[in-house]
Structures are given as C-alpha cells and as structure tokens.
Amino acid sequence: MADDGMLLNFALGDSVITQEAKYKGGTWRDRLSAKKRSQHQPRDGEGKGKGPHQPKNPNQTQLAKRQRTTDSNEGRGGEGGNRSRPQQGPRRHPGQFASSLFTSNPESTHVEEPKSEEPIEDAKPTNAPLVDGLDTFTNLGLSPNLAAHLLTKLELKAPTAIQKASVSQLLKEESDAFIQAETGSGKTLAYLLPLVQRIMALSKATKEDGVHRDSGLFAIILAPTRELCKQISVVLENVLRCANWIVCGTVIGGEKKKSEKARLRKGLNILVATPGRLADHLDNTEALNVSNVRWLVLDEGDRLMDLGFEEELQGIVKKLDARQRPSRVPGVPTRRTTVLCSATLKMNVQRLGEISLKDAVHIKADLTDEDGETEGKKDDEDSFRVPAQLKQSYAVVPSKLRLVSLTAFLKRTFIRKGSVMKAIVFVSCADSADFLFEVFSREFGKRKGKKNRDGNHSDDEEEESDEAKILSEREKMSPHGTIAPAAAFSNSLNSVRLHRLHGSLPQQIRTATLKSFSRSDDPSVMVCTDVAARGLDLPNVELVIEYDPAFSADDHTHRIGRTARLGRDGRACIFLQPGCEENYVEILKRGYRDGGKALTRTDATEILKRGFGVSVDSSSKNWEEKTTDWQMDVERWALDNPKYLEMARRGFQSHIRAYATHIASERSMFDIKELHLGHLAKSFALRDRPGKINVPGLRTSKEETKKDFKASRSGAAGQKRKAGATDDNPVASNTDDAARRMRQKMRENMAGASEFNLA
Ligand SMILES: Nc1ncnc2c1ncn2[C@@H]1O[C@H](COP(=O)(O)OP(=O)(O)OP(=O)(O)O)[C@@H](O)[C@H]1O
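Treat the numbers as computed from the prediction; the structure is a model and nothing was measured. (Residues numbered from 1 in each chain as written. Predicted model: local features only at pLDDT ≥ 70, side-chain atom pairs only at ≥ 80, totals over all residues. Heavy atoms only, no water.)

J.: Looking at this structure, how should I read unusual backbone geometry?
T.: As a rule of thumb, non-glycine residues mostly have phi less than zero, and peptide bonds are mostly trans rather than cis. Although it is not a glycine, Glu300 adopts a positive phi angle of roughly 55°. When you line up the elements, Glu300 lands in the loop between strand 5 (295-299) and helix 12 (301-304). Of note in this structure, Leu566 is not a glycine but carries a positive phi near 50°. With respect to the helices and strands, Leu566 occurs in the loop between helix 20 (553-560) and strand 14 (570-576). Looking at Leu566, the relative accessible area reads 33%, which means it is partly exposed. (Helix = DSSP H or I, 4+ residues; strand = E, 2+ residues; numbered from the N terminus. Buried < 20%, exposed > 50% of the residue type's maximum accessible area, 1.4 Å probe, protein only.)

J.: Could you clarify how one ought to interpret the site of the ligand in this entry?
T.: In the region of the ligand, 21 residues are neighbours, and Ala158, Gln163, Lys187, Thr188 and Asp537 sit closest. The contact in question runs from a nitrogen atom of the ligand to an N or O atom on the side chain of Gln163, over 2.7 Å. Here Ser185 contributes a backbone N or O atom positioned 3.0 Å from an oxygen atom of the ligand. For the ligand, whose unbound accessible area comes to 640 Å², protein coverage reaches 85%. When residues in the shell around the ligand are grouped by element, the largest group, three residues, is from helix 8 (residues 187-205). A breakdown of the residues in the shell around the ligand according to their chemical character gives seven nonpolar, eight polar and six charged. (Near = heavy atom within 4 Å. Polar contact = N/O pair within 3.5 Å; in protein donor to acceptor, adjacent residues only side chain to side chain. Areas by Shrake-Rupley, 256 points an atom, 1.4 Å probe, with all protein chains shown as cover. Nonpolar A, V, L, I, M, F, W, Y, C, P; charged D, E, K, R; others polar.)

J.: Mind showing me how you'd approach the pairing of strand 13 (residues 541-546) here?
T.: A regular strand places its side chains on the two faces of the sheet in alternate fashion. By the criterion of burial, strand 13 is predominantly enclosed, with five of the six residues buried. Where strand 9 (residues 422-426) meets strand 13, five bridges bridge the pair, whose relative direction is parallel. Along strand 13, the bridge assignment pairs Ala423 with Leu543. Here strand 13 pairs with strand 14 via four bridges, running parallel. From the neighbouring strand, Ile545 faces strand 14, where its bridge partner is Cys573. Crossover handedness for the path strand 13 to helix 20 to strand 14: right-handed. (Pairing = 2+ DSSP bridges. Right-handed = clockwise from strand over helix to strand, strands pointing away.)

J.: Before we go on, may I ask you to explain the nonpolar core in this structure?
T.: Within soluble globular proteins, side chains that are nonpolar tend to cluster in buried spots. Judged by nonpolar contacts, the single largest core of 72 residues is most densely connected at Phe489 and Val525. By residue number, the principal contributor to this core is helix 24 (residues 642-659), which donates seven residues. For Phe489, the contacting residues outside a window of four places in its chain are Leu410, Lys411, Phe414, Phe440, Val496, Leu498 and Val525. Judged by nonpolar contacts, the second largest core, of 69 residues, contains Leu142, Leu236, Ala532 and Ala564. (Core = buried A, V, L, I, M, F, W, Y, C linked by side-chain atoms within 4.5 Å. Contact = heavy atoms within 4.5 Å.)

J.: For this particular structure, what's the right way to read helix 16 (residues 402-413)?
T.: Since the α-helix advances by 3.6 residues per turn, residues separated by three or four positions end up pointing in the same direction. The end-to-end C-alpha separation of helix 16 is 16 Å, in line with the 16 Å expected for twelve residues at 1.5 Å each. Among the twelve residues in helix 16, ten count as buried, and that is most of the element. Of all the positions in helix 16, only Arg402, Leu403, Val404, Ser405, Leu406, Thr407, Ala408, Phe409, Leu410 and Thr413 are classed as buried. (Expected span 1.5 Å × (residues − 1).)

J.: Hey, could you run me through the sheet that holds strand 4 (residues 270-273) in this one?
T.: Strands belonging to one sheet form pairs held by backbone hydrogen bonds; the direction of such a pair is parallel or antiparallel. Read across the open sheet, the seven strands follow the order 3-4-2-5-6-1-7; overall the sheet is parallel. Since the sheet does not close on itself, it has two edges, and those belong to strand 3 (248-251) and strand 7 (361-364), each with one partner. If you compare each strand with its neighbour and ignore which way they point, the axes differ by 20° on average. As defined by bridge partners, strand 1 (residues 177-180) adjoins strand 6 (residues 337-342) across four bridges and the pair is classed as parallel. (Axes fitted to C-alpha atoms, helices over the stretch in contact; angles between N-to-C directions.)

J.: How should I be thinking about the sheet that holds strand 15 (residues 600-603) in this particular structure?
T.: The strand order across the open sheet formed by eight strands is 10-11-12-9-13-14-8-15, and the pairing between neighbours is mixed. With one partner strand each, in any of the chains shown, strand 10 (483-485) and strand 15 form the two edges of the open sheet. Each adjacent strand pair in this sheet contributes to an overall mean axis angle of 20°, direction not counted. Sheet topology places strand 8 (residues 390-396) next to strand 15; four bridges connect them, and they run parallel. Opposite Ser393, over in strand 15, you have Thr600 as the bridge partner. The strands touched by helix 16 are strand 9, strand 12 (524-528), strand 13 and strand 14; relative to strand 14, the strand with the most contacts, the crossing angle is about 165°. Sheet strands in contact with helix 20 are strand 8, strand 9, strand 13 and strand 14, and its direction is about 150° off that of strand 13.

J.: I tried to follow the side chain of Ser683 on my own but got confused; where do I start?
T.: Tracing the backbone shows Ser683 in the loop between helix 25 (677-682) and helix 26 (702-713). Ser683 gets classed as buried once you look at its relative accessible area, which sits at 2%. One polar contact links the side chain of Ser683 to the main-chain carbonyl oxygen of Leu680, over a distance of 2.6 Å. Apart from the residues within four sequence positions on either side, Ser683 is in contact with Ser399, Arg402, Leu403, Phe435 and Tyr547.

Below you can see the structure in the form of structure tokens.
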C-alpha cells in the first residue's frame, strides 16, 4: 500500500505507476514542488505498509490536497473517453481531486479514560412492565371491562411504572399534568387509558342512549408528525374495541381535506391531529365543534412547544378557550384538563401560561431500586435518562472516513443472518438520506463503461441490462423507490433491505415505507431524518446509528429511544468527528445513572478493519485496499451519473446547512468553522473543490464564477437543478442571499430543529 494519497486512490496499474506523473492544478509552486518531490522518491514500494497512523509529512498533505488526478487518457470525454481509460484509473473532470482516504485525517484530541478492570454487569431494564404481580390494571382503578380487555385482547399483563403513576393520578384528580418517562415506557397508554375510562364513565352518566358519535368532541390529542398521529390512533382504536360506541378519528393532512371534513361532520368523540391541520380545520370547517372539548393531550409536548409549532398551538388553545361552552352531556367536567407528555419534558414554567396550564402535577415513573432509593430523586432538570439496558457507544471518525466507516459498520452488523434484525440510521437532512440510499443500494463495481476483470471493456448494453435488472428488482420491491436491496452490506449469507424516509416524500409514500420497515421479516435498515426520531414504535429495532449527531441532546434521547423499548435490549452508536465534537461524550454520559461506565468508544480504523477486513467473500486484499477500492468505486459512479452527482452535491450542501442548526448551547461542539469541507466532500463521494459545490455562505471566487459560466455554456457544468427543488437549496451563485436564508433557517430552528418540513 502506498502512503501517497494519490497512489492509494488511483490504484493505478503497474504500467501507469512507472510513468512520470503529470502535475496539474494548484499553484505553479505546488506543482513544481510536487514534481520535485516525486523525482526524489524511490519509485517502487515506497511507503508500503504505511497505514493511517504513520507520521505524516506536511508537504505530502499539501500535495494530496492540491494535486489533480492524472490520467493518460485525459481530455477524451464522453463514452469514448470512458471506454479507453484504465479500469482503476480516475476519470478526469476539470477542477476535481481524488484525495486519499488515509492521509491528513485529524487525530482524536481526547484521551480515553482507562476503563475499570471490573466487569460491568448488564443493567436491568428500566422501561419494562412491572412484573412483580402486585400491580394490575384493575388495581389502578380502571373499570373491570377495560382492564379485562387489556389483559385478554391486547395481551397487556401488567402496567409499566409510568402507567401506574399516571393512571392513578389522572383518574383521581382533574389537574393538568406533565407525564415524563423514558422512551419506550408506554406513555401512550399512560394518557389514553384514563382518558378512555373517563369518556366511558360519561356513557353511564348519560341516561338515554349513552355517549355516541353525536354527543360531541371531548378530547383532542396533538402530536408533531403524521406518523405519530397514525400510531396513536391505532393504539386508541385497539383500546376502544371494548367501547365501540366511542368514536375516534384523525385529521393530519396528507389526504384530501374534503374527506377529513366529511369525517368531522359525521361526528367524533376523540380526535388525533397534527397542530397545523387542526388549526386549519378550526378556521375553515364549520362542522368542527370544539365546545365540549375537556381534554387536550400534547404528545411530545416539548416539541409542540418549540418554535415552529408554538404559534399554531397558541392559536389552537385560544380558540378552544373562546369556543368552550357548558356541555349538555352529564358528567362532563367544567374545565379543560391539559396533559403534556414526553421523554424530555422540562417544567418550563415560562411557557406554561401560554397554553393555559395551571398548577400542573409532574407525573414520573417511580423506579425504586433495590436499596429503596427512588431514581427520580437523582434526576436533574436538564438531563434525561435513557433506558438502562440500552448499550451506547461512540465512534470517533474523521470526515473523510465517514461514508466508508458507516458502510463498514453496517457490513459488520449484518455479516451473519440473525445478528441484527433492524437498524435505523439517522441523518440530518433529506438530501443525505437520498444520497445514502442510492449509495447503499448500488452494487460494488456496477457502472457504465467499466472494464471487465480480464481487462476488456464490458459491453455497455450488458451493463445497462444489469442496471435495468437492478432497477426492476427495486421497482418490484417498492414502486415508490424508497425500498431496495441493500447491496452495499448484504452478502451471500444475509440479504438486507434498505428503506429511506424523510419529510419531503409524499405522505402515502412515507406511510407505505414505514409500514414496510415495520412489518419486514427480513433484516432491514432505514436511513431517515428526524421525522422518525420521536414517538414511533417500530418493532425489532436493535440498533440505532446516529451518523449525523442530533440537533439537540433531547433529540438524541428520542432517536436512540427507537430501540431498547419496553424492557428489550438495544444498541446505539453515534459518529463523532475528532476535535470539538468529542466533547459530546459528556452529554452521552449524562444519560446514564452511573456516569457512563458502560459507554464504549471505537474509531474508524477499528470499524474499517472489522467491516472491510473480514468478509464472507475471499479476497487477498487488505482492509485499507478494500476500503479505498470501495470509496473510489462510489466516486466514479457519482462522476459517471449526473443524477447521482447532483444528489451527492445536494447532500453535501444540505448537510452543511443542517450542521449550522445545532442548538445554540451545543454549537461549540458542532462548530461549523471546524468542519473541513474538502474532507466532508469526500464523504459524499465528491471530488469537487468545496468552493465549487455552491455552499451557501461561502463566496465563490471570481475566477471560479467565470469558469462556471464558461462551463455551463459548454454544457459541461452538470445539470441544472430541477424545478421545484430550489426552495431549500438556493442557487448558490447568489451566495449572499443563500447565507441570509440559512441564518433565517438557523433562527427558526434554534430551539431544537428537527427536519425542516416535519409534519
Ligand atoms: N403495559 C404494557 N405491557 C406490554 N406492552 C406495553 C405496555 N404498555 C405499552 N406497551 C407497548 O410498549 C410499546 C411502547 O409504548 P409507547 O410507544 O407508548 O412508548 P412511549 O413511552 O410513548 O415511547 P416514546 O417516548 O418513544 O414515545 C408499544 O409497543 C406498546 O404497545
């Protein structure tokens, strides 16, 4: 293995290595010194065996950064050019670099604390149902009918700790409440059960024919995403099977407003809604009568009180207040009860007045440990515990190695059947999710105009029919293009399915994709944005990878909470870059009861060795070579396909924009000024110089603007952006405007951004 980044990446054939390299690009000084240096280097075997940890020569760093790719076939563009270039040789594109994966990477700045010699015991689950036999749903005060239904029909044997606390409290008093408990601890039933019990009780109080759909709307449940609303509605429908005279429904958008209006006109007793859609109906649908509403539940209440939803929520509360009337149904309380529920709920007193919450009780799970100490007492306001059985780790991965490390991590994870059933990979923006989906669903070495193993050029038609086969397989799996075989980390023993999910997809596609991931019996991975971070209860998720760290520590708690639910095991790993991002480890430790003794660390070398070094396919190459081959293959694929190149560039741009929206208190750990844009581009398989990738906020030089102009006239500048795709990706030649818009987005998202178009 050569130590020179260029050689590593070019993987040139022997004949090419003996040729004198041409040096292009950079300043004349760089080219001259690169040339001189190469003349003084031994030609053969120099640097063999050097890995990523070899001491670096600073001059080489500069060389690797500035030197352009060389190719004996340079200048022969188009298909003809493709045909005649060597298999492993880089394709020349003006203004592009193929830098090495293993040079110039920053080292970790943090010294790992020595681990205690004592083995760490597996922690007992903290979000499981109470199995001591003492607590039953009947004991909590639920009606025998409802309790029997839970036991026999829904097979819920015992309540969880938060259900125990919440059901008894909310049945006893009519005070407003905060329900705060770990992810996956059954909070949905914790507020639904007392609510349903209350409405069932109204039926008994009503002398004539009891409560029915025309009796009025008694409760509204708000949640931030459509997916979560649907999930809540399914749980509610299941509970209401024992009281089928009570009718529930949803208004969440994504379907025709006309059908929602028709549903409201027919009459509902419990409504599940997204704030935006409810606000719309309150303004425009006469049939929506809220005079009887006496329960308002804000699921993921902290998210609903964030900027973005805040205004809508205040508007809704004002209208509910103004339209409330004494009910003609006996037993309906005179005042409305508001319940906020979340794993990361802070008693933010300042905001409470805004949604008319008064003297709210704080309902928490009483987790009394064996020493009789109550867990809740140790909690401080700003940190939220994660389920104790959830095993967390962090991986210190430099920018350049991010894409290959994620691939290696997933390769290793799915190396054998049954090792992991489902995994979720969180990214910061929709464009990154789309890019990773395409990268992972393509097969290694499959691209147009590629040479065969024997050195002959493969037949384009054959290649295209291969591609057509893959596409038709994908089409069969998912007509919407959101599900595909995960070729990058499937192997002959284990084939994995890949899904992508984000808020920019049409609603019916989001729903179908989530359903497929949820029900899949095959090992599956879902690459998604924070649209799936909160509340979703997806079965058999055993691993969560935060490829891009969350915008806030609270969001991190929700993301990793998609695994280790209801007492089950789970693992989570977050990718951090060496440097200031490593300070995030302190935040990870805060989620532990013991200060993070069980938190484990890994790094890119370890991940790559495990992912690319061990494989079910025999190969004499070592892990570094295999990693480089894989990266180069992806880079060439992107270069060969304008559609994917555009996708990679958009991913890169949106990633940077999203990076700038970390909440203010955490921005010192995610400092945009510390991002090495050139290295980051590599993780999007890009060979462009960052300045050429139209990053908003970065001024393109006059020279580059001129070159761009010329290139676009000659049609070589790549495709123009599709119409309609410009809203979130302002054309970057107007960088000042783009920077202004980015700052605006940052302000909008300061209180903890999720994806920009979440619900
Ligand atoms: N008492 C119980 N016994 C068995 N299963 C239960 C019980 N209560 C809830 N569940 C199941 O536990 C899972 C998690 O519940 P739920 O989604 O309400 O958790 P949550 O605390 O709201 O999580 P999050 O904070 O992520 O929103 C669901 O699949 C639910 O059906």
